[in-house]
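Each chain, written out:
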Amino acid sequence: MKILVPVKRVVDYNVKVRVKADGTGVDIANVKMSMNPFDEIAIEEAVRLKEKGAATEVIAVSCGVSQCQETLRTALAIGADRAIHVETDAELQPLAVAKLLAALVAKEQPGLVILGKQAIDDDANQTGQMLAALSGLPQATFASKVEVAGDRVEVTREIDGGLEVLSMGLPAIVTTDLRLNEPRYVTLPNIMKAKKKPLENVKPADLGVDVAPRLKTLKVAEPAGRKAGIKVADVAALVDKLKNEAKVI
Ligand code: AMP
């Protein structure tokens, strides 16, 4: 069984993002970029399934600018066998990515596609769900445990009231939640090995997909700044302020 893992190149989670002066988006010039953390979890899970003998090949795929190849090399260093770069400079929205992935699902016929539950840059939480709909496959989102048995996969999800366990026939789409696993550290020998693994380059047109954006971003703005706090002398003064100034009690 093949496992396809889409990995997105995003602003590193440690970076404090800055909004561009003209309000058209976030400034990514000279900013550290990394693999979306949920996608690292997805690659780790796919590699673990291969190590357990439940899968035979792990294919990482990234859609976007040429630097996505660095993200793919990281996926290969974690343990993916080969990578596909769908190269485009166009702004990619979740529907366009889902269409590209659906075309790759049709071509590669994976038994499982494991995506991140959301990309930490756009927080869309849409691509996996759209891919499931476009490919006509069952989906289990926000997985905290994934077990493959025969031609079925069992996915545990953390929900408000406890745990929900879903069983789906393969092929299927799974999206990862934070507690699914802890991705391994990438070692230097594996980084060196990853350089030799196959990385295929395709263009959206090769997959017959029009990636033109369907949504228009009107404005991106920083959250309103918080006012400085004050110190109060005692509890009585605090209660007085909460009652008469903030009017919250
Ligand atoms: P989103 O729907 O944008 O929050 O993204 C959810 C998941 O879809 C991500 O965690 C990735 O697994 C996948 N994904 C989104 N955009 C891309 C992309 N440009 N290339 C590869 N995978 C992507």
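Every value quoted in this text rests on a predicted model; they were computed, and no experiment measured them.

Counted by the stated rule, this structure contains 1 cavity of 30 Å³ or more. The volume enclosed by the largest cavity comes to roughly 40 Å³. When its residues are assigned to classes, the lining of the largest cavity shows 5 nonpolar, 1 polar and 3 charged.

Attention now moves to the sheet that holds strand β4 (residues 57-64). Reading across from one edge, β9-β8-β7-β10-β6-β1-β4-β5-β11 is the order of the 9 strands in this open sheet, with mixed pairing throughout. Single-partner strands in this sheet number two, and they are β9 (162-169) and β11 (199-202). Geometrically, the sheet is characterised by an average inter-axis angle of 30 degrees between neighbouring strands, direction not taken into account. By the bridge criterion, 5 bridges tie strand β6 (residues 112-116) to strand β10 (residues 172-176) in an arrangement that is parallel. Bridging from a neighbouring strand, V113 pairs with I173 of β10.

Neighbouring the ligand are 18 residues; D39, A119, N125, Q126 and T127 lie closest to it. With respect to the ligand, the side chain of D122 contributes an N or O atom lying 3.0 Å from an oxygen atom. One of the backbone N or O atoms of N125 is found 2.7 Å from an oxygen atom in the ligand. Within the complex, the protein chains bury 98% of what would otherwise be the 480 Å² of accessible surface of the ligand. For the shell around the ligand, the element with the most residues is β4, which contributes 3 residues.

So, about the UniProt feature "domain: Electron transfer flavoprotein alpha/beta-subunit N-terminal" (unreviewed entry) in the chain. Under the UniProt annotation, the feature "domain: Electron transfer flavoprotein alpha/beta-subunit N-terminal" (unreviewed entry) is placed at residues 23-211. In this annotation, residues 23-211 is assigned 30% helix and 31% strand; the end-to-end C-alpha distance for the span is 23 Å.

Before going further, it helps to examine the environment of G150. Counting through the fold element by element, G150 comes out in the loop between β7 (139-149) and β8 (152-159). Under the relative-accessibility criterion, G150 is labelled exposed at 72%.

Calculation notes
Residues numbered from 1 in each chain as written. Predicted model: local features only at pLDDT ≥ 70, side-chain atom pairs only at ≥ 80, totals over all residues. Heavy atoms only, no water. 1 Å grid on protein atoms, 1.4 Å probe; cavity = no way out; pocket = protein on both sides within 12 Å on 5 of 7 lines; lining within 4 Å. Points joined across faces, edges and corners; volume = space filled by probe spheres on them. Nonpolar A, V, L, I, M, F, W, Y, C, P; charged D, E, K, R; others polar. Pairing = 2+ DSSP bridges. Helix = DSSP H or I, 4+ residues; strand = E, 2+ residues; numbered from the N terminus. Axes fitted to C-alpha atoms, helices over the stretch in contact; angles between N-to-C directions. Near = heavy atom within 4 Å. Polar contact = N/O pair within 3.5 Å; in protein donor to acceptor, adjacent residues only side chain to side chain. Areas by Shrake-Rupley, 256 points an atom, 1.4 Å probe, with all protein chains shown as cover. UniProt positions renumbered as here; feature names shortened; annotations may be inferred. Buried < 20%, exposed > 50% of the residue type's maximum accessible area, 1.4 Å probe, protein only.

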